[in-house]
Amino acid sequence: MMTVKEIAEMTGVSVRTLQYYDEIGLLPPANRSESGYRLYDDESLERLQQILLFRVLEFSLDDIGKIVGDPHFDKMRALEQQIELLTLKKEHLENLILLAKGMKMRGVNHMDLTAFDTKKIDEYAKQARESWGDTAAYKEFEEKRRNRSKTEETMLASELMDIFGEFGKIKDSDPGSEKAQALVSTLRDFISKHYYNCNNEMLMSLGRLYSGGGDFTKNIDAKGGEGTGEFVRRAIEIFTK
């Protein structure tokens, strides 16, 4: 466990900012000391990384809270966007450095205002934000979640994991079997009912997420046994075809 001061020193995020993140429910501490000081664990640090990632993408704190609270939040997809944006910013800074060097060698009258153009970066950041916040699926998810209590959210998450538990019982069988395909149908219907319309394209994306090796895979395999996430992906692939 780390204190809020230690987190601030390690990340450069101010103590007041971390306190504010707690106050708005964006980054609650994992625990508190006997004296009432906030304490953060590895999971808290991972969530902070996600928050800072989206801050770089210029998302609002309100949008970040909604996104990282989504049970289907795809961290790998977010990381790919972060890498792309940072690469664009790196290229922009390199162009500015070249401009400054040119001015030094040729004199301050050397003009190349195109080096200050950030349209490419701005457009990518805009597309990244829209891909998370403006999709029909996200809006539907947000609308359904708005009317549920935290207890109901927890119960739904548990019911979803129970479906993966059923997949785990047959993970050594044929993913194209009648039972496996029936479970995919159950999974799709559950997501459509409680989160957002889960068409074949969305279902395929979720299948890749479930087997991608991140937290989803870890949690699914913890519930159904090692290899469950991959089995679900294969079953989904057959189902959608």
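These notes cover the structure that comes with them. Counting restarts for each chain: residues are numbered from 1 in the order of the written sequence. Restriction of local features to residues with pLDDT of at least 70 applies here, the model being predicted, together with a cutoff of 80 or more for giving and counting side-chain atom pairs; totals for whole chains, interfaces and linings are based on all residues. Note: side-chain values were computed over all heavy atoms of the structure, leaving out hydrogens and water.

Observations regarding the nonpolar core
Here is step 1 of the chain: To qualify as a nonpolar core, a set must consist of buried Ala, Val, Leu, Ile, Met, Phe, Trp, Tyr and Cys residues joined through side-chain atoms within 4.5 Å. Per-residue accessibility, obtained with a 1.4 Å probe over protein chains only, is compared with the maximum for each type, and a residue is labelled buried under 20%, exposed over 50%, and partly exposed between these values. Counting 25 residues, the largest nonpolar core has Phe164, Phe167, Leu187, Ile191 and Tyr210 as its most contacted members.
Here is step 2 of the chain: A run of H or I in DSSP becomes a helix once it reaches four residues, and a run of E becomes a strand once it reaches two; helices and strands are each numbered from the N terminus. For this core, the secondary-structure elements that each account for two or more residues are helix 8 (150-169), helix 9 (178-194), helix 10 (200-210), helix 11 (215-224) and helix 12 (228-240).
Here is step 3 of the chain: Take this core: its biggest share by element is six residues, from helix 9.
Here is step 4 of the chain: Listed in part, the 21 residues of the second largest apolar core include Tyr40, Ile51, Ile64 and Ala78.

Side note on helix 1 (residues 4-11)
Here is step 1 of the chain: For helix 1, the full list of buried residues reads Val4, Ile7 and Ala8. Looking down the long axis of helix 1, one finds its buried residues gathered within 100° of arc, a one-sided arrangement. Across helix 1 from its buried face, at more than 90 degrees, point the exposed residues Lys5 and Glu9.
Here is step 2 of the chain: Contacts from the buried residues of helix 1 go to strand 1 (2-3), helix 2 (15-23), strand 3 (38-40) and helix 3 (42-56).
Here is step 3 of the chain: Once helix 1 ends, the next one or two residues include Gly12, with phi positive near 85°. Directions pointing from the helix axis toward each C-beta atom define the arc. Should any heavy atoms of two residues lie within 4.5 Å, those residues are counted as being in contact.

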